[in-house]
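Each chain, letter by letter, is given below.
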Amino acid sequence: MTERRAILSGSTFEEQIGYARAVVDGDRVHVSGTTGFDYATMTISDDVVEQAEQCLRTIEAALAEARCTFADVVRVRYLLPDRADFEPCWPALRRRFGDVRPAATMLMCGPADPRMKIEIEVYARRGAGKPRDAPGGVPVTGAASRNAV
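To start, this report covers the structure provided alongside it.

About the thresholds
- Residues numbered from 1 in each chain as written.
- Predicted model: local features only at pLDDT ≥ 70, side-chain atom pairs only at ≥ 80, totals over all residues.
- Heavy atoms only, no water.
- Helix = DSSP H or I, 4+ residues; strand = E, 2+ residues; numbered from the N terminus.
- Expected span 1.5 Å × (residues − 1).
- Buried < 20%, exposed > 50% of the residue type's maximum accessible area, 1.4 Å probe, protein only.
- Polar contact = N/O pair within 3.5 Å; in protein donor to acceptor, adjacent residues only side chain to side chain.
- Pairing = 2+ DSSP bridges.
- Axes fitted to C-alpha atoms, helices over the stretch in contact; angles between N-to-C directions.
- Contact = heavy atoms within 4.5 Å.

Examining helix α2 (residues 48–65)
Between the first and last C-alpha of α2 there are 26 Å, a value that for 18 residues agrees with the 26 Å anticipated at 1.5 Å per step. By the burial criterion, the buried members of α2 are Val48, Gln51, Ala52, Glu53, Gln54, Cys55, Leu56, Thr58, Ile59, Ala62 and Leu63. Measuring from the side-chain oxygen of the N-cap residue of α2 to the backbone nitrogen of valine 49 gives 3.1 Å; that N-cap residue is aspartate 47. Note on α2: the residue one or two positions beyond its end, arginine 67, has a positive phi of about 65°.

So, in structure tokens, the structure goes:
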């Protein structure tokens, strides 16, 4: 039987709404939409880039608890109420995903709280981030592989 385990971050939202920060299901890890709240203090910055960085710190902690890293992420979704806020976040996102190149989508939608300027959810597969030269490693193909160093 495959492992199914919930990972909690301590967010009051998880308790109030009834969800987990992440769910490990066998070798797959589903990380819930994560906002810029610092869940330890339940505070949120007004700055979208700071919110994105906080999202990524929370996601990184959930992935680590699931025995994954950003290198194992295969899909990412960005949810923002204002499309103009997306581009300022690109450098922070590229630092985490630039070498990984997961499938990605950006959607515009209304947040649950008007202070939320970005929400990020990811899907990872344990072992997906193996180096390309390791057994089972996945090479980059297409135009990106021609530009790879």
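Now that the structure has been shown, the text picks up again.
Quick word on the sheet that holds strand β8 (residues 119–125)
Strand order in the open sheet made by the 6 strands is β1-β2-β3-β8-β6-β7, with mixed pairing throughout. Across the chains shown, the open sheet's two edge strands, defined by having one partner strand only, are β1 (4–7) and β7 (103–108). Averaged over neighbouring strand pairs, the angle between their axes works out to 10° when direction is ignored. Where strand β2 (residues 22–25) meets strand β3 (residues 28–35), 4 bridges bridge the pair, whose relative direction is antiparallel. Looking at β3, one finds that aspartate 25 is bridged to arginine 28. Contacting β6 (73–80), β7 and β8, helix α3 (residues 86–97) crosses the sheet at an angle of about 165° to β6.

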